[in-house]
Amino acid sequence: MDQQVVRPVPRPGVLAIDPYVPGKAKATGGHKLHKLSSNETPLGASPKAIEAYRSISNLEFYPDPAATALREAIADVYGLNASRIIAGNGSDEILSLLAYAYLGEGDEAIFTEHGFLVYKIAILAAGATPVVAPEKDRTTDVDAILERVTEKTKMVFLANPNNPTGTYIPFSEVRRLHAGLPKTCVLVLDAAYAEYVRRNDYEAGIELVGSSENVVMTRTFSKVYGLPALRVGWGYAPDHIIDALHRIRGPFNMNAAAIAAGAAAVRDQAFVEAAIDHNEKWLPWVSEELTKLGLEVTPSVGNFILIHFPDVDGKRAADADAYLLERGCVLRQVAGYGFPNALRMSIGTEEANHDVVAALREFLK
Ligand SMILES: *Cc1c(COP(=O)(O)O)cnc(C)c1O
């Protein structure tokens, strides 16, 4: 007798997904905890956002299905048309909606060698085929992407700056990429760390979205705005793409607390400036101190750095990770991103940054 169990089977692609591994939240030692594993801001959220969150009442009513207060606040602050903004339960939701709307079996979507892993998950979940373009010096290589475009390519995901490398490409390169793509291919510009970038040749993509039919920019409130717990993200896209995404999203994809807190956070730009100033001060400090210890640090324009370990005498990334965890410093292993011997560290408070540098100095002795 055939004992095989007959049961439901997911669509092709679903079981090919390696589940996303989030950053650890707990240290192993009894020491004070510095959570530097998910690129969160050490300054917390704007007090105005926290107040807006606490003001939520009438939990028996559904939230505004259009997240109007949030979209209008974003539109005001960034000078955009609110009708071309879609809000999401984190920008991860926008990335998934894009994949579900434009990708299916037989389609291909491209992302880069060390690109954000949510892209691969979204592509496979939609039943399409992920195509990886190699990077150059841990940085997006536009030619490598363009070389991989076929008539099956329906989407290109580009994190600029990228996580976990912290590197970026100038906007002239993004324009060159866009110019080389078929008009039927969606270019997704994931600008999760845009606020932190202080470079004249950088742009998040607002103008390119406005002047083309196939570019989407995604943004998040999880990083500089300090609201990852509430899951607030948004996309800016041409009307026809916004229309497609609205058709497939959950009708109440944004909860009332996220809408209110997000709207208050985006209007408190002074708070954002303080977070950027903090990063401007500590990103170079941590990078230099670790370099002085003999570690290689990939130059970053975000609020995190990629630290590479020497492969001698057990001075490997996994050993450093365990050593730091014992001392209350939680960093991120990034083997899944093609860096088996590196750790990613979010820039923390002054105390956290000093503690990591001191611990790594000890570790390397
Ligand atoms: C953190 C991050 C996001 C944001 O994800 P949310 O779902 O908005 O929290 C998106 N893209 C990249 C590259 C990130 O690092």
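1. Side note on the site of the ligand
Then, number 1: The environment of the ligand is formed by G90, S91, D92, F116, N163, D190, A192, Y193, T220, S222, K223 and R231.
Then, number 2: In the environment of the ligand, an oxygen atom lies 2.5 Å from a nitrogen or oxygen atom belonging to the side chain of T220.
Then, number 3: R231 places a polar side-chain atom, nitrogen or oxygen, 2.7 Å from an oxygen atom of the ligand.
Then, number 4: Compared with its free state, where it exposes 390 Å², the ligand has 94% of that area covered by protein.
Then, number 5: For the shell around the ligand, the residue count by class is three nonpolar, five polar and four charged.

2. Things to note about the sheet that holds strand β2 (residues 85-88)
Then, number 1: Strand order across the open sheet formed by seven strands is β2-β8-β7-β6-β5-β3-β4, with mixed pairing between neighbours. Of all the strands in the sheet, just β2 and β4 (129-133) have a single pairing partner and so form its edges. Neighbour to neighbour, the strand axes of the sheet diverge by 20 degrees on average, direction disregarded.
Then, number 2: Strand direction decides the pairing type here: strand β5 (residues 153-159) and strand β6 (residues 186-190), joined by five bridges, are parallel. Directly across from F157, in β6, lies its bridge partner V188.
Then, number 3: Together, β2, β5, β6, β7 (215-220) and β8 (233-236) form the strand contacts of helix α3 (residues 91-102), whose direction differs from that of β7 by roughly 155 degrees.

3. Thoughts on the domain arrangement of the protein
Then, number 1: Each assigned domain of the protein is listed here: domain 1 (14-44 + 270-364) and domain 2 (47-268).
Then, number 2: Computed from C-alpha coordinates alone, the two centres of domain 1 and domain 2 are separated by 25 Å.
Then, number 3: On the side of domain 2, 32 residues touch domain 1, which itself brings 34 residues to the contact.
Then, number 4: For the pair domain 1 and domain 2, the two sides together bury roughly 2,800 Å², of which 65% comes from carbon and sulfur.

4. Remarks on the packing of helix α10 (residues 269-292) against helix α12 (residues 350-364)
Then, number 1: Where α10 contacts α12, the axes come no closer than 10 Å and their chain directions differ by 5 degrees. What the angle tells us is that α10 and α12 run roughly parallel. Contact residues: H278, W282, W285, V286, E289 and L290 in α10; E350, N353, H354, V357, L360 and R361 in α12.

5. Some words on the packing of α3 against helix α8 (residues 239-248)
Then, number 1: Closest axis-to-axis distance for the α3/α8 pair is 9 Å, and the angle between their directions is 95 degrees. The orientation of α3 with respect to α8, classified from their angle, is roughly perpendicular. Across the interface between the two elements, L97, L98, Y100, A101 and Y102 of α3 pack against H240, I241, A244, L245 and I248 of α8.
Then, number 2: Of the residues contributing to the contact of α3 with α8, the split by class is nine nonpolar, one polar and no charged.

6. Overview of empty space enclosed by the protein
Then, number 1: Counted by the stated rule, this structure contains two cavities of 30 Å³ or more.
Then, number 2: A volume near 40 Å³ is recorded for the largest cavity.
Then, number 3: Taken together, E40, T41, P42, L43, Y196, A275, H278, N279, N303 and I347 form the lining of the largest cavity.
Then, number 4: Counted by class, the lining of the largest cavity contains five nonpolar, four polar and one charged residues.
Then, number 5: By volume, the second largest cavity is sized at about 30 Å³.
Then, number 6: As for the second largest cavity, its lining consists of N160, F171, V174, L189, D190, A191, Y202, E203 and A204.
Then, number 7: Secondary-structure elements contributing two or more residues to the lining of the second largest cavity are α6 (171-180) and β6.
Then, number 8: By residue class, the composition of the lining of the second largest cavity is six nonpolar, one polar and two charged.

7. With respect to the sheet that holds strand β13 (residues 339-346)
Then, number 1: Read across the sheet, four strands follow the order β9-β10-β13-β12 without closing on themselves; strand pairing throughout is antiparallel. The sheet terminates laterally at β9 (296-298) and β12 (332-334), the two strands that pair on one side only. Averaged over all adjacent pairs, the angle separating strand axes in this sheet is 35 degrees, with direction ignored.
Then, number 2: Sheet topology places β9 next to strand β10 (residues 304-308); three bridges connect them, and they run antiparallel. The residue bridging V297 from the neighbouring strand is I307, located in β10.
Then, number 3: Along the sheet, α10 contacts β9, β10 and β13; its crossing angle with β10, the most-contacted strand, is approximately 5 degrees.
Then, number 4: Lying on the sheet, helix α11 (residues 317-326) is in contact with β12 and β13; it crosses β13 at an angle near 35 degrees.

Criteria and thresholds
Residues numbered from 1 in each chain as written. Predicted model: local features only at pLDDT ≥ 70, side-chain atom pairs only at ≥ 80, totals over all residues. Heavy atoms only, no water. Near = heavy atom within 4 Å. Polar contact = N/O pair within 3.5 Å; in protein donor to acceptor, adjacent residues only side chain to side chain. Areas by Shrake-Rupley, 256 points an atom, 1.4 Å probe, with all protein chains shown as cover. Nonpolar A, V, L, I, M, F, W, Y, C, P; charged D, E, K, R; others polar. Pairing = 2+ DSSP bridges. Helix = DSSP H or I, 4+ residues; strand = E, 2+ residues; numbered from the N terminus. Axes fitted to C-alpha atoms, helices over the stretch in contact; angles between N-to-C directions. Contact = heavy atoms within 4.5 Å. Domains from an automatic or database assignment. Buried area = accessible area lost by both parts, 1.4 Å probe. Parallel < 35°, antiparallel > 145°, perpendicular 65-115°, else oblique. 1 Å grid on protein atoms, 1.4 Å probe; cavity = no way out; pocket = protein on both sides within 12 Å on 5 of 7 lines; lining within 4 Å. Points joined across faces, edges and corners; volume = space filled by probe spheres on them.

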